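# Coordinate inspection notes
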Amino acid sequence: GIDFFFYEMDVWFLTSPKELIADYHHHHSDKNNPHDMLLSAHTKDPQSVNIGVYSVSSNQRTIEFFQLCIQMTRESPATHDQWIMSQLLLLAWTIHQNGSPGVQFNRMWYPPPQHNPPSMKFP
């Protein structure tokens, strides 16, 4: 896999984010608490993922995550990509916390995905 930094064309940086990204991924990460994805949030709702800016370290978890994003996009092509990423992050957190996926995706999926929820080997 490849580590990457993504930002949309409508994002402007007043200073370089390079130091922040390096610090997040490398200096505060360990095997028990890997910092493998750094995502931005909406200003009015910091709990809501905004995929306009994100940085990813390639590993089993992030490769599986983006493979599932692509799968869900194919299965539910009219669903907003930001919603897909948000729901898959919530699914990974739920599996990590509870050991099981919990409930199926039911809101804002057009059409609902065939694999609902998808299985995750590396939440």
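See the structure shown above.
Each value, and the rule that gives it
Residues numbered from 1 in each chain as written. Predicted model: local features only at pLDDT ≥ 70, side-chain atom pairs only at ≥ 80, totals over all residues. Heavy atoms only, no water. Helix = DSSP H or I, 4+ residues; strand = E, 2+ residues; numbered from the N terminus. Buried < 20%, exposed > 50% of the residue type's maximum accessible area, 1.4 Å probe, protein only. Polar contact = N/O pair within 3.5 Å; in protein donor to acceptor, adjacent residues only side chain to side chain. Contact = heavy atoms within 4.5 Å. Core = buried A, V, L, I, M, F, W, Y, C linked by side-chain atoms within 4.5 Å. Pairing = 2+ DSSP bridges. Phe/Tyr/Trp six-rings, centres within 6.5 Å; stacked < 30°, edge-to-face > 60°. Axes fitted to C-alpha atoms, helices over the stretch in contact; angles between N-to-C directions.

### Focus on the side chain of His-25
Summarising the element assignment, His-25 is placed in helix H1 (residues 18–27). By relative accessible area, His-25 is classed as buried at 7%. Here the side chain of His-25 touches Ser-55 through a polar contact of 2.8 Å, side chain to side chain. Each residue touching His-25, except ones within four places of it in the same chain, is listed here: His-35, Asp-36, Met-37, Leu-38, Ser-55, Val-56 and Ser-57.

### Observations concerning the nonpolar core
With 20 residues, the main nonpolar core has Phe-65, Phe-66, Met-85, Leu-88 and Met-120 as its most contacted residues. Residue assignment for this core shows that the elements contributing at least two residues are strand S3 (45–56), helix H2 (60–75) and helix H3 (81–98). Examining the composition of this core, we find that 7 residues originate from one element, H3, more than from any other. Ignoring sequence-local partners within four residues, the contact set of Met-120 consists of Glu-64, Phe-65, Leu-68, Leu-88, Leu-91, Ala-92 and Ile-95.

### Describing the pairing of strand S2 (residues 37–42)
Note that S2 and S3 share 6 bridges and pair antiparallel. Of the residues in S3, the one forming a bridge with Leu-39 is Tyr-54. Where S2 hands over to S3, the hairpin turn is made up of 2 residues, counted between the paired strands.

### Re unusual backbone geometry
Here Tyr-110 and Pro-111 are connected by a cis peptide whose omega angle stands at -15 degrees. Mapped onto the fold, Pro-111 is located in the segment after H3. Residues Asn-116 and Pro-117 are joined by a peptide bond in cis, for which omega reads -10 degrees. With respect to the helices and strands, Pro-117 occurs in the segment after H3.

### Focus on the packing of aromatic side chains
Summed over all chains, the structure comprises 8 aromatic pairs. An angle of 75 degrees between the planes, with centres 5.9 Å apart, marks the rings of Phe-4 and Tyr-54 as edge-to-face. With Phe-4 in strand S1 (residues 4–7) and Tyr-54 in strand S3, the pair connects residues that are 50 residues apart, well separated along the chain. What makes Phe-4 partly exposed here is its relative accessible area of 33%.

### A few points about the sheet that holds S1
The strands making up a sheet associate through hydrogen bonds between their backbones, and the pairing can be parallel or antiparallel. An order of S1-S3-S2 is seen for the 3 strands of this open sheet, with the pairing classed as antiparallel. Only two strands of the sheet have a single neighbouring strand rather than two, namely S1 and S2. Neighbour-to-neighbour, the strand axes of the sheet open up by a mean angle of 50 degrees, direction not taken into account. Here S1 pairs with S3 via 4 bridges, running antiparallel. Pairing of Tyr-7 across the sheet is with Val-53, part of S3. Contacting S1, S2 and S3, H1 crosses the sheet at an angle of about 125 degrees to S2. Contacts from H3 reach S2 and S3 within the one sheet, and its direction differs from that of S3 by about 100 degrees.

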